[in-house]
Amino acid sequence: MTSTIEPEVGRARLRKEDARLITGRTRWTDNITLPGMVHLAVLRSTMAHAKIVSIDTSAAKEMPGVIAVYTGDDLDPAGAIGMPCAWPVTPDMKSPRRPVLAQGQVNFAGEGVAVVVARTPGEAEDALEAIDVEYDELPVVLGLENALAEGAALVHEELGTNRNALWKFDSAEAGSGEDVEQAISEGEVVLKRRFRQQRLVPAFMEPRSCVVDPTAAQLTMWSATQIPHILKTMSALTLGIPEHKIRVIAPDVGGGFGGKIAVLPEEIMSLLVAQKLGRPVKWTESRSETMMAAHHGRDQIQDLTIAAKRDGTITGLKVELMADMGAYLGLVGPGVPILGAFMFNAIYKIPAYHFACTNVFTNTALTDAYRGAGRPEATFAIERMMDELAAELDMDPMRLREKNWIKHDEFPYTTVSTLTYDSGNYEAATEKAMQLFDYEGLRREQRERRERNDPVQLGIGISTFTEMCGLAPSRVLGSLDYGAGGWEHAAIRMLATGKVEVVTGSSAHGQGHETAWSQIVADQLGVPFEDVEVLHGDTQSSPKGLDTYGSRSLAVGGIAVVKAADKVIAKARRIAAHMMECSEDDLEFSGGKFTVKGTDRSTGIQDVAFAAFMAHDLPDGVEPSLDSEAVYDPENFSFPHGTHLCAAEVDTETGRVTLRSYVCVDDVGTVVNPLIVEGQIHGGLAQGIAQALFEEAVYDEGGTLTSGTFADYLLPSAADLPSFTTDRTETPSTTNPLGVKGVGEAGTIASTPAVVNAVVDAVRHFGVNDIEMPLTPMRVWKAIRTGEKAAGGPGAEAGGGLGSIDSGGAQ
């Protein structure tokens, strides 16, 4: 047996899971076929708000291959089933029942109305057209301010309001800072801005899909989900099925970005239909269904007031949000904007802070977590505000940031929003980024272009950010009324031959957990990387877990693995001491070997595993196993940070934006695998830039989604993105033994404000101080010509535009 010499943590290992993922040797949920399986197709409402007068399914039931057709009343005659919301942000939060299929009323275009069960997917789809639904239209509620206006029509008449909840934080009341109203009244400079976060669609690669097999004593559900463990528990609670009679399997899952952190009506529907028929069922949505009926992200109006001294010192920040919940509440939707409450102060020392968020119902698809969930929105607003304040003060925007940020020797630092940042070095990341970017050179070129009235102007955008990663600890989540803890579980099984199985509650959907976890265990136990197998995503083999979202996998799940490995070593130490006839205290463990101090006598942990398996000669009272498990609940969030710089060229005659260069220097703590980190950063940058320049989900005045295909909802390809220059600094987290911080959302959080700041900077001398996202050529051109930042206003145009094409393409 061998042991590792070179440390695995820090090595740029190719991902071991890619061998099956990119060669077609895996099975996605839709690939699963079971004997006797039938297929489901959902009829979706074409109306955004209407009473259901009648549903005639008789013709559909006669269609070829059709086995059954069910309405909401058929599946839930008592109207007792409601989809779960696990985050009641206030005690008086309004929470309408969200049925499995609409009952009596539809509240957004795309809501499920009936389900067809047929022998094939095609026969099920064909029968949908034979279902006749008569609607009685109701007034459609769209737009946050419209929904809150006096006398507005109501999405849910029984609630008596479209206001879902009002959540507040005030530093003076919390004792963490001063009174913001006083700071504003005494401010030498007071600036107000309104920013709009457009609605986005989490465009994961694999559509949502679900298979349910009810033919055994234990129901088995396969689902393309981020949260198999939560789905299992919520399914049991929602339908009253004993939890031990449900097994949920998340096979390889093709992306999520928060869009699969949900308990779907379609999953509950599939469970109900499978139980009714006593045979396996499968539901797989089309791309159009994803766009229309899966939850959306963002959709906020942000009103900010910032107070400062003339020298640039910030004295107060007031944030008032309106957040669109859509027609119903998602699993954690009400809490998404609340997460932002802790991040608006970002990396800055702000003495007075007030945050208030009003959640609002409208006749649109519900909103919930989308990559970053609350933190991108907050980072965008404060980083846009810093640029606006710098312009007001005629200061360099980087100098303004430096004046207000937390210095590296001030950590740990408790912010005005009560979070304690454990570590960071904003100066180091910024210095490296500015060198790579040639900040001074680009500023010089910018001045020259303005002086010669160049039709293509150059803008420089800055985003210096931090985020809270690893959604935990449980006590903090509890204080925010979050409906779950923040711990994670791991187990390590030492096989007889010395090979290792790692069981993790983190459920991967493209992050590379199998590789990263293997590297961690190889170092901890001193076993070869290749000897480690990682098991996840099946509630039978991985019975405990809280799954993957919020960049929590490594910072929480990875540390649970470390804790489990510590227990394995502790167990092995006693057996090793017995094998070598010495005291446990005389042993030291390194590189997979127990060595008697001061001698060359040693034995490997894999040899100890075999001795434990044989169990012929174990110490008295020692069980024949090294297997161990751990549940880790961190003491604090982790706080990655970074400096992102964007140079954008804007053609003032056409409005076309070209991203000339993009530099980011991120500090994500200890890096387990640089290749995986690089991939996460690149993907995140693409999504953040996409929000700035391309993507928008748009409804017409009737509540119909007009950007329901990829022809209308524009996603950038590699050809649309610039070459990224990435680098890192490293200040390890002090609150976990690996020093890791999380990287899954950094690129998305930081890049959107960097790009918008760059474009606005390019055309500010035309009197432009904002352009609403996405920054399409039309919007940019119109802003230059008229100063109109919305350039048509929210909801007037479907999709973004050809915002940026780099002739060099992505690298």
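Residues numbered from 1 in each chain as written. Predicted model: local features only at pLDDT ≥ 70, side-chain atom pairs only at ≥ 80, totals over all residues. Heavy atoms only, no water.

In total, this model carries 47 salt bridges according to the counting rule given. For R20, the salt bridge identified is with D252, shortest N-O distance 2.7 Å. Of this pair, R20 sits in helix α1 (residues 18-21) while D252 sits in the loop between β11 (246-249) and α9 (265-277); the two residues are 232 residues apart in sequence, bridging distant segments of the chain. Looking at D252, the relative accessible area reads 13%, which means it is buried. Between E388 and R384 there is a salt bridge, with the nearest N and O atoms lying 3.2 Å from each other. With E388 and R384 both in helix α12 (residues 375-393), this residue pair falls 4 residues apart, about one helical turn. Side by side, E388 and R384 carry an identical accessibility label, which is buried. Look at the salt bridges and you will find they share partners, linking E6, E8, R11, R13 and E530 into a network. (Salt bridge = Lys/Arg side-chain N within 4 Å of Asp/Glu carboxyl O. Helix = DSSP H or I, 4+ residues; strand = E, 2+ residues; numbered from the N terminus. Buried < 20%, exposed > 50% of the residue type's maximum accessible area, 1.4 Å probe, protein only.)

Summarising the element assignment, R443 is placed in helix α15 (residues 439-451). R443 sits in the buried class, given a relative accessible area of 9%. One polar contact links R443 to D761, side chain to side chain, over a distance of 3.1 Å. Apart from the residues within four sequence positions on either side, R443 is in contact with D396, P397, I460 and D761. (Polar contact = N/O pair within 3.5 Å; in protein donor to acceptor, adjacent residues only side chain to side chain. Contact = heavy atoms within 4.5 Å.)

Moving on, we come to the UniProt feature "domain: Aldehyde oxidase/xanthine dehydrogenase a/b hammerhead" (unreviewed entry) in the protein. Feature annotation in UniProt assigns "domain: Aldehyde oxidase/xanthine dehydrogenase a/b hammerhead" (unreviewed entry) to the following positions: residues 23-139. Here residues 23-139 runs as 14% helix and 30% strand, with 51 Å between its end C-alpha atoms. (UniProt positions renumbered as here; feature names shortened; annotations may be inferred.)

A few words on the packing of aromatic side chains. A full pass over the atoms with the stated rule returns 14 aromatic pairs. Measuring from ring centre to ring centre gives 4.8 Å for W87 and Y482, while their planes differ by 75 degrees; the resulting arrangement is edge-to-face. Residue W87 is found in the loop between α3 (72-75) and β4 (105-106), and its partner Y482 is found in the loop between α16 (474-479) and β19 (488-494); the two are separated by 395 residues along the sequence. This pair shows no difference in class: W87 is buried, exactly as Y482 is. Ring geometry for F344 versus F355: centroids 5.7 Å apart, planes at 45 degrees, classification tilted. Of this pair, F344 sits in the loop between α11 (336-340) and β15 (353-361) while F355 sits in strand β15; the two residues are 11 residues apart in sequence, bridging distant segments of the chain. (Phe/Tyr/Trp six-rings, centres within 6.5 Å; stacked < 30°, edge-to-face > 60°.)

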